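# Architecture at a glance
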Amino acid sequence: MRTKVYSLDTQMEDLYLQSLSAQRDDNSRDIEKMKNMLRNAMEYMLTDKQKKCITMYYFEHRNMNEIAKAMGVNKSTVSRHIKAASDNLKKLRAFIN
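The structure displayed is predicted, hence computed values, not measured ones. (Residues numbered from 1 in each chain as written. Predicted model: local features only at pLDDT ≥ 70, side-chain atom pairs only at ≥ 80, totals over all residues. Heavy atoms only, no water.)

### Points about unusual backbone geometry
- One non-glycine residue, His61, lies in the positive phi region at around 55°.
- Inspection of the secondary structure puts His61 in the loop between α2 (48–59) and α3 (64–71). (Helix = DSSP H or I, 4+ residues; strand = E, 2+ residues; numbered from the N terminus.)

Written as structure tokens, this is what we have:
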């Protein structure tokens, strides 16, 4: 039976990889919390049209022309909805920082 020899470098590498894994788990929990905060903020702080524009623009990666066509409004209206929604969501910074 062979004995496996670990060097200090191997042990340090294992500890480093374990810490990276723990950080990734912590980050994923933080990301989920942030997503939930964003969902709640969108639900309570935005109008229906703002929610629709933000969802299509940021989550569905549609451009403003596509959104305008889908909603039956002008591109400038979509732009105003996205700007107003962004301004409303920026108010969350006070709670996050």
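### Side note on the nonpolar core
- One finds Leu46, Cys53, Ile54, Ile67, Val78, Ile82 and Leu89 to be the most contacted residues of the largest nonpolar core, which totals 15 residues.
- Secondary-structure elements contributing two or more residues to this core are α1 (8–45), α2, α3 and α4 (75–90).
- Excluding its chain neighbours within four sequence positions, the residues that come into contact with Ile82 are Cys53, Ile54, Tyr57, Tyr58 and Met64. (Core = buried A, V, L, I, M, F, W, Y, C linked by side-chain atoms within 4.5 Å. Buried < 20%, exposed > 50% of the residue type's maximum accessible area, 1.4 Å probe, protein only. Contact = heavy atoms within 4.5 Å.)

### Section: the confidence of the model for the chain
- For the chain, per-residue confidence averages 80 on the pLDDT scale, and 70% of positions sit at 70 or higher.
- Confidence, expressed as mean pLDDT per element, reaches its minimum in the chain at helix α5 (residues 93–96) with 69 and its maximum at α3 with 97. (pLDDT = per-residue confidence, 0-100.)

### Observations regarding the side chain of Gln50
- Locating Gln50 in the fold gives a position in helix α2.
- Setting aside residues no more than four positions away along its own chain, Gln50 makes contact with Met45, His81, Ala84, Ala85 and Asn88.

### Focus on the packing of α2 against α4
- Contact pair α2 / α4: the axes reach a minimum separation of 9 Å and the direction vectors enclose 95°. If you check the angle between α2 and α4, you find them roughly perpendicular. Of the residues in α4, those in contact with Lys49, Gln50, Cys53, Ile54, Tyr57 and Tyr58 of α2 are Val78, His81, Ile82, Ala84, Ala85, Ser86 and Asn88.
- Counted by class, the contact of α2 with α4 contains 8 nonpolar, 4 polar and 1 charged residues. (Axes fitted to C-alpha atoms, helices over the stretch in contact; angles between N-to-C directions. Parallel < 35°, antiparallel > 145°, perpendicular 65-115°, else oblique. Nonpolar A, V, L, I, M, F, W, Y, C, P; charged D, E, K, R; others polar.)

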